[in-house]
Every structure is written in structure tokens, then in C-alpha cells.
Amino acid sequence: MIEANLGEAVRRLRERSHISLRTLAEKCDFSPSFISQVENGQASPSISSMEKIALALGVTLGEFFQSTENGASNVVRADGRLGLNSEWSKANIESLAHSAPGSKLEAVVVTLFAGGTSAKRPVSGTYEEFALVLSGSVSLTLGDQSEQLLNPGDAVSIRQGLARQWQNKGGETTQILVVSARFV
């Protein structure tokens, strides 16, 4: 995995959108100090916080991965994936595709290490999602339903707006393929 710099991506996307740091913080319901810390690499937001920032910037999580170079190839090699690390979530997110602006699909692999979680509590998803557990086991809470344990090969479709929380309560690393679709 080639680690992308989340702080630089947030700053670049914020400036491209002509949004002040304070305005972005208000849109996310975060403090300006927190957004500044993210941009300067001093804070590691959770997965759900990254999603809130992306939504406020009008982009997908995948657009954080876009480099300044636009490669001619749509192929993403396993050793060339761009990724983001969330120390708070104890997770890595790797982009599986080059997302062009306006793309309707986004595919990522979420690696949750032991004790990792997507958020403190279930958070509404911005997009419709399909998830497939590739390895390890993960607890999934959807809406106000009780949590369910998913094992390798188990899959779930999550409708847009349904609150969800992923938690790795086991001792081994879990990998989840997540494909998101946005409908305009």
C-alpha cells in the first residue's frame, strides 16, 4: 500500500472548493482546530469522520486518494494501491480503482486491526453499499438492529442513509471489500 496523505488531500480539496477551514468545520460539525490538526497531520480521524469531511467537501472518500497525476490505465496493481491510515479507527482503507470525478461506483478494502471500529456508534451512510468480508470476522450493527457477526464470504447490502458500525472484536485482522454507489 502506498499511503496517501489525508491532510494534504483535505487541504487540496478544501482549497479547490474555495471553502475556508472554519466553514468546513461547521459543515462537518467539528471544531476548526480539529480540521486544522487533520490538515497538518496531527490528528487521525475515524472512518466515519473521514466520510463526514468528504461529504462536506462534496466528494467521495475515494477522491481523497486521487493523485495529481491522471494515469492512462484503469488497472490498479495490488502493490500500487493508494491507502489512508486511521489510527483512531485502527484501520487502513485502500482504493481499488482510480475514481474519476463524477464516478458513481467506488471500491475500497477496509482493513480493521484487532479492536478497530468505524465509529463510536452506528453512523448513517451517505451511499448505498455492498460489503463482502474477505478475511477475519467483524461485528456489524445496522440501524437499531442487534449486532451480527460476519465471517469470510459473508456479504451485506446496506441502503443509503442506514446507520452502520463495523467493529473488529477479535484478535485477528479483518479485511472487508466495500463497494459504494451514489445516485444523483
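No experiment lies behind these values; they were computed from the predicted model shown. (Residues numbered from 1 in each chain as written. Predicted model: local features only at pLDDT ≥ 70, side-chain atom pairs only at ≥ 80, totals over all residues. Heavy atoms only, no water.)

Draft legend 1. A look at the nonpolar core. In terms of nonpolar packing, the biggest core is built from 40 residues, with L24, I53, L57, F64, V156 and W166 touching the most fellow members. Ranked by residues supplied to this core, first place goes to helix α4 (residues 47-57) with six residues. In this structure, W166 is in contact with L112, G116, T117, S118, A131, V138, S139, L140, L150, V156, I158 and I176, ignoring residues within four places of it in sequence. (Core = buried A, V, L, I, M, F, W, Y, C linked by side-chain atoms within 4.5 Å. Buried < 20%, exposed > 50% of the residue type's maximum accessible area, 1.4 Å probe, protein only. Helix = DSSP H or I, 4+ residues; strand = E, 2+ residues; numbered from the N terminus. Contact = heavy atoms within 4.5 Å.)

Draft legend 2. Highlighting unusual backbone geometry. Of note in this structure, H18 is not a glycine but carries a positive phi near 55 degrees. With respect to the helices, strands and loops of the structure, H18 is situated in the loop between α1 (6-16) and α2 (21-28). Take H18: its relative accessible area is 74%, and that puts it in the exposed class. Although it is not a glycine, D29 sits at a positive phi angle of roughly 65 degrees. Owing to a relative accessible area of 66%, D29 belongs among the exposed residues under this scheme.

Draft legend 3. Expanded view of the pairing of strand β2 (residues 82-86). In this sheet, strand β3 (residues 91-95) lies alongside β2 in antiparallel orientation, the contact comprising four bridges. By the bridge assignment, L84 is partnered in β3 with I93. What sits between the antiparallel neighbours β2 and β3 is a turn of four residues, in which K90 has the positive phi angle 55 degrees. (Pairing = 2+ DSSP bridges.)

Draft legend 4. Structural context of the environment of D144. On the secondary structure map, D144 appears in the loop between β7 (138-142) and β8 (148-150). In sequence terms D144 and P122 are 22 residues apart; their C-alpha atoms lie 8.5 Å from each other.

Function cannot be inferred from these measures alone, as they are strictly geometric.
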